[in-house]
Amino acid sequence: MEIKVFNNLTRQKEIFKPIDPNIVLFYSCGPTTYNFLHVGNARALVVADLFHRTLKSLGLNVKFVRNYTDVDDKILEAAKQRGIHPKVHADEFIRECAIDMECLGMLPATVTPTVSESMPEIISMIEELIKNGYAYVVNGEVYYDVPKFKEYGKLSKVVLESLQHGIRVDVDGQKKNPSDFVLWKPAKPEEGWSWDSPWGKGRPGWHIECSAMARKHLGKTIDLHHGGVDLIFPHHENEIAQSEAANGCPFCHNWAHNEFLNFGSEKMSKSLGNVVTIRAFTESFSGAILRHILLAVHYRSKLDWTEDSISKAIGEIARIHDCALLVANAIPKDIDDHTEVESVKNSFKVMQEELANDFNVPAAMGTFFGVIKDFNRRVTGDISKSYIDEVKKCFNFMRDATGLVHDHADTILVELNVARKHLSGTSSDNDEEVLLLLEERKVVRATKNYKRSDEIRNRLNELGVVVKDNPDATATWSYK
Ligand code: AMP
Ligand code: ZN
């Protein structure tokens, strides 16, 4: 199937052709691990996961590298405040970040390198840049000599001349040109984490890490590179300048960027103080709800964070998973409904085409909801096995390609009930116990332990929860 991806280098949608047709080489700029991530960071993570999943579901192998920036001023500062080693601080938040990613239903990346473990590759790339005449050393600092790279600006379309006038001259006057950026900086004694290098003890500037990690794990030229739009300039422009000057060949064929998640009219950011962390949100609601909100809008459109988006997501997830339960329990009849079967087959193809068209989740979801609507209408009458199987194929495709359909529909529906209570401000301290009891009840009923099942029902009753057993062996519940 032809896959098209919007390429920010050319500012147009292009046919996506990996250099090696057998494997897509994909790099996404990952988070800086100095604190809990916010839901804006989650948008970037989930969009990279969408690319990974969709490309795989459309039949491509993907080598997906997403880094952790574990060497950074904010990490050094936070560790100093806590009186611990920066690595201990950064590793702690790598673990927290991994917990958030699992909660968001993300597939593991192929490799998740850190800056601290990539120091030999970073240092040798800087050495190559100096040797090739693109970088220079001043008092233990190494700078990239931007005007030497003639194609500077080709991604962000910044014009170097205006940049030269626009940037204030470096305070200590070490740079040759105002647009030059740092590749290596000397360690300050109080920072507590540094590496030996040909230019003395120090640590890398931010941009060089991604050029070095991409080359180490994917090679000199890659197929797809992703990050949020804020990274286009200077980060990605500088990655291109570094990689192409060191490697002497194109760095990346396709550059894809997700738009921002905004809070009201402002972008969500720590410095503005309007931050909702992934952890806080998923503890009150769920990872599935956050993922749904983040993918409900095309990745190249701005997304506004509102309470409406939460209730809309809850409604849509309920619609999908109520139907998933019906599909799982549907009893086929020996009838000929090939017109309807053909119609679902066609919807399946359309959903594939929509996702292959620059990862258009909203369009594919629209088609999928059409399949759901038809199934809900038809399930009250007679349906064939082929029809049920085709509908199942649609569910499985959307599960694998977008992560918006989940196995264990009943658990997802339970989470939605709790989320609704949080949204209406009536959540209680008992929610966790209720969820555990409902899970246990499913198991004891399946094993016909009716004594325990009755005890659980009584306890749920005390907690104000009514459970209704459905004829198809599922159960629905609500607070009284
Ligand atoms: P950082 O840890 O700040 O380097 O950000 C990690 C990733 O999250 C980058 O790809 C950023 O572009 C992205 N990002 C940060 N804030 C937002 C936001 N409010 N909306 C969307 N993406 C964001
Ligand atoms: Zn990067």
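Residues numbered from 1 in each chain as written. Chains lettered and ligands numbered in written order. Predicted model: local features only at pLDDT ≥ 70, side-chain atom pairs only at ≥ 80, totals over all residues. Heavy atoms only, no water.

### Comments concerning the nonpolar core
Now for step 1: By size, the foremost hydrophobic cluster in this structure holds 85 residues, and its most contacted members are Leu55, Phe281, Ile289, Leu290, Phe368, Phe395 and Met398.
Now for step 2: Per-element accounting of this core gives the leading share, 10 residues, to helix H10 (residues 307-329).
Now for step 3: Counting contributing residues, this core receives three or more from each of domain 1 (4-272) and domain 2 (307-480).
Now for step 4: If we skip the residues at most four places from it in the chain, Phe281 touches Val39, Val276, Ser286, Ile289, Leu290, Ile293, Trp305 and Ile310. (Core = buried A, V, L, I, M, F, W, Y, C linked by side-chain atoms within 4.5 Å. Buried < 20%, exposed > 50% of the residue type's maximum accessible area, 1.4 Å probe, protein only. Helix = DSSP H or I, 4+ residues; strand = E, 2+ residues; numbered from the N terminus. Domains from an automatic or database assignment. Contact = heavy atoms within 4.5 Å.)

### Description of the sheet that holds strand S3 (residues 24-28)
Now for step 1: What the four strands build is an open sheet, ordered S4-S3-S9-S10; its pairing is parallel. On the outer flanks of this sheet lie strand S4 (62-66) and strand S10 (252-258), each paired with one strand and no other. Looking at each pair of strands side by side, their axes are set apart by 20 degrees on average, direction ignored.
Now for step 2: Bridging between S3 and S4 involves five bridges; their strand directions are parallel. By the bridge assignment, Ser28 is partnered in S4 with Arg66. (Pairing = 2+ DSSP bridges. Axes fitted to C-alpha atoms, helices over the stretch in contact; angles between N-to-C directions.)

### Observations concerning unusual backbone geometry
Now for step 1: In this structure, the amide linkage connecting Phe233 to the following residue, Pro234, adopts the cis form with an omega of 5 degrees.
Now for step 2: Considering the arrangement of structural elements, one finds Pro234 in helix H7 (residues 232-247).
Now for step 3: Although it is not a glycine, Asn139 adopts a positive phi angle of roughly 45 degrees.
Now for step 4: With respect to the helices and strands, Asn139 occurs in the loop between strand S5 (135-138) and strand S6 (141-144).
Now for step 5: Positive phi values are uncommon outside glycine, yet Asp358 reaches one of about 55 degrees.

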